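Residue-level listing of the chains:
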Amino acid sequence: MQQVKAVVALAQGEPVQLTTINVPDPGPGEAVVKVQACGVCHTDLHYREGGINDEFPFLLGHEAAGIVEAVGPDVTSVAPGDFVVLNWRAVCGDCRACNRGEPQYCFATHNATQKMTLAEGDLAGTELSPALGIGAFAEKTLVAAGQCTKVDPSARAAAVGLLGCGVMAGLGAAINTGNVTRGSTVAVIGCGGVGAAAIAGAALAGASKIIAVDIDDRKLETAKKLGATHTVNSKETDAVEAIRALTPPADSTGHEGGADVVIDAVGRPETWKQAFYARDLAGTVVLVGVPTPDMSIPEIPLIDVFGRGGSLKSSWYGDCLPSRDFPMLVDLYQQGRLDLDAFVTEEIGIGDVEAAFEKMHGGDVLRSVVVL
């Protein structure tokens, strides 16, 4: 057992606290990781606000990279000293998805069995709920060994750690879920961290036209740097009409045109409806923005669903398989072909997480990254 500093959400809507926690020695199937960097993601804020569940107190943080410090007695996949990116898809290998050869859809992903606990104050001994089974706003954290993905140890931790959630979600929405290929036309609605990553993914896949849509000109400028060929400020112009105008039909059938793939990185009924009508006939809609439980699919005539053909998909964690995707993407980053550094707006200390939440509200950052 060790005691380390960590950021905890004790109650719904209250500011997070920097406190001391107990980290158990790793048992079977577990590893202790010394965290080097962890991104501040909207999901952490959702946990603090009670938007995920009410299993307080939460140990926040999940977009992380670090060094394996110790492993349980039966662990062979990683060893002390390995540089790893943490993931929340440690596949079980035995569920229906895994058995049919689609582990990226695993139904029973692993987390650590033992619980980390609060070490001080009136709540000392209280078990913590780690965000997405990771809890990496901490000097050290206990995870399932399968949540550790080995990558190039010379990579910058603050950049590659972001593959642990938001950047992988966006890249994968384009490459894995949307199947963007050379020559595809792509529109991305919402250019925050996930949407910006979807733009980078579309560029990496060779899309010929990438249209970034947002209401913030600052985000649209960033989108250009990551590969957007066109931008649309949807506060000033109709997004659907603008996308169709930029992707006219290549035939004389008389339909309106649209993008081959439209990615909704906002996750609201209004933006999903825009994505639905902004795609070409037989095109693909990818929902990667996370809606709240009270939202419903917008009213769309069923004949439009049938008549337009194509696919309506959701993308969970970018349909990634960490053991396959993380090392490949880190290699591309090291080669200068994927600019993960562009997503790191600032490096902050472990005591600055609450201030980073405020910056997210203002749209001032793609990612603040806690560096330890």
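Here, every reference points to the structure presented above.
Please read these numbers as outputs of a predicted model, since none were measured by experiment. (Residues numbered from 1 in each chain as written. Predicted model: local features only at pLDDT ≥ 70, side-chain atom pairs only at ≥ 80, totals over all residues. Heavy atoms only, no water.)

A. Structural context of the nonpolar core. With 90 residues, the main nonpolar core has Leu86, Val160, Leu163, Leu171, Ile199, Ile263 and Phe343 as its most contacted residues. For this core, the element with the highest residue contribution is helix α5 (residues 193-205), accounting for 7 residues. With 19 residues, the next largest nonpolar core counts Ala187, Tyr277, Ala278 and Val285 among its residues. (Core = buried A, V, L, I, M, F, W, Y, C linked by side-chain atoms within 4.5 Å. Buried < 20%, exposed > 50% of the residue type's maximum accessible area, 1.4 Å probe, protein only. Helix = DSSP H or I, 4+ residues; strand = E, 2+ residues; numbered from the N terminus.)

B. Local environment of the pairing of strand β13 (residues 230-233). Of the pairings in the sheet, the one linking strand β12 (residues 209-214) to β13 comprises 4 bridges and is parallel in character. Bridged to Ala212 within β13 is Thr231. Between the parallel elements β12 and β13, the chain passes through helix α6 (residues 217-225) in a crossover that is right-handed. (Pairing = 2+ DSSP bridges. Right-handed = clockwise from strand over helix to strand, strands pointing away.)

C. Region of interest: the side chain of Gln104. Its place among the elements puts Gln104 in the loop between α2 (96-99) and β7 (117-118). With a relative accessible area of 15%, Gln104 lands in the buried category. In contact with Gln104, not counting residues within four places along its chain, are Arg89, Asp319, Cys320 and Leu321. (Contact = heavy atoms within 4.5 Å.)

D. Examining the packing of helix α4 (residues 166-177) against helix α10 (residues 322-334) more closely. It is at 12 Å that the axes of α4 and α10 come closest, and there the two elements cross at 100 degrees. Considered as vectors, α4 and α10 are oriented roughly perpendicular to each other. Contact residues: Met168, Leu171 and Asn176 in α4; Arg324, Asp325, Phe326 and Leu329 in α10. Here the residues of the contact of α4 with α10 sort into 4 nonpolar, 1 polar and 2 charged. (Axes fitted to C-alpha atoms, helices over the stretch in contact; angles between N-to-C directions. Parallel < 35°, antiparallel > 145°, perpendicular 65-115°, else oblique. Nonpolar A, V, L, I, M, F, W, Y, C, P; charged D, E, K, R; others polar.)

E. Inspection of the sheet that holds strand β4 (residues 58-59) at higher detail. Taken in spatial order, the 5 strands of this open sheet run β7-β2-β1-β4-β8, and their pairing is mixed. Two strands lie at the open edges of the sheet, namely β7 and β8 (129-130), each paired on one side alone. In terms of strand pairing, strand β1 (residues 2-9) meets β4 through 2 bridges, oriented antiparallel. Among the inter-strand pairings, Val8 is bridged to a residue of β4, identified as Leu59.

F. Looking closely at the sheet that holds β12. Spatially, 6 strands are ordered β13-β12-β11-β14-β15-β16 in an open sheet, and the strand pairing comes out parallel. Pairing within the sheet leaves two strands with one partner each, and these edge strands are β13 and β16 (311-314). Strand-to-strand twist of the sheet, defined as the mean angle between neighbouring strand axes without regard to direction, takes the value 15 degrees. Across 4 bridges, the pairing between strand β11 (residues 185-189) and strand β14 (residues 259-264) is parallel. Bridging across to β14, Ala187 finds its partner in Val262.

G. Quick look at the side chain of Asp280. Note that Asp280 resides in strand β15 (residues 279-287). Despite being buried, Asp280 has no salt bridge partner; Arg308 is the closest side chain of opposite charge, sitting 6.1 Å away. Ignoring anything within four residues of it in the chain, the contact list for Asp280 reads His255, Gly257, Gly258 and Ala259. (Lys, Arg positive; Asp, Glu negative; His and termini not counted. Salt bridge = Lys/Arg side-chain N within 4 Å of Asp/Glu carboxyl O.)

H. Here's a closer look at α10. Between its first and last C-alpha, α10 extends 17 Å over 13 residues, near the 18 Å set by a 1.5 Å rise per residue. For α10, the set of buried residues is Pro322, Asp325, Phe326, Leu329, Val330, Leu332 and Tyr333. Buried residues of α10, viewed axially, fall in a sector of 160 degrees; they line one side. Residues of α10 that are buried sit in contact with β6 (83-86), β10 (148-150), α3 (157-160), α4 and α5. Of the residues one or two after α10, Gly336 is the one with positive phi, at around 80 degrees. (Expected span 1.5 Å × (residues − 1). Arc of directions from axis to C-beta.)

I. Inspection of the environment of Ala203 at higher detail. Position of Ala203 among the secondary structure elements: in helix α5. Expressed as a C-alpha distance, the spacing of Ala203 and Tyr317, which sit 114 residues apart in the sequence, is 19 Å. When residues no more than four places from it in sequence are discounted, the contact partners of Ala203 are Ile210, Leu226 and Gly227.

J. Focus on the pattern of salt bridges. Applying the stated criterion across every chain yields a total of 14 salt bridges. Measuring nitrogen to oxygen at the nearest pair gives 2.8 Å for the salt bridge that ties Asp341 to Arg156. Pair noted here: Asp341 is in the loop between α10 and β17 (346-348) and Arg156 is in the loop between β10 and α3, with a separation of 185 residues, a long-range link. Residue Arg156 is classed as partly exposed on the basis of its relative accessible area of 31%.

K. Spatial organisation of the pairing of β11. Taken across its 5 residues, β11 has 5 buried, putting it largely inside the fold. Because side chains alternate across β11, one face comprises the buried residues Thr185, Ala187 and Ile189, and the other comprises Val186 and Val188, equally buried. Alignment of β11 against β12, held across 5 bridges, turns out to be parallel. Along β12, the bridge assignment pairs Thr185 with Lys209. Between β11 and its parallel partner β12, the chain crosses via α5, and the hand of that crossover is right-handed.

L. Broad picture of a nonpolar patch on the surface. Residues Leu302, Val305 and Leu312 make up a contiguous nonpolar surface patch of about 270 Å² in total accessible area. Given a relative accessible area of 68%, Leu302 falls into the exposed group. (Patch = residues over 30% accessible without salt bridge, like charges linked within 9 Å, V, L, I, M, F, W, Y side chains within 5 Å. Areas by Shrake-Rupley, 256 points an atom, 1.4 Å probe, with all protein chains shown as cover.)

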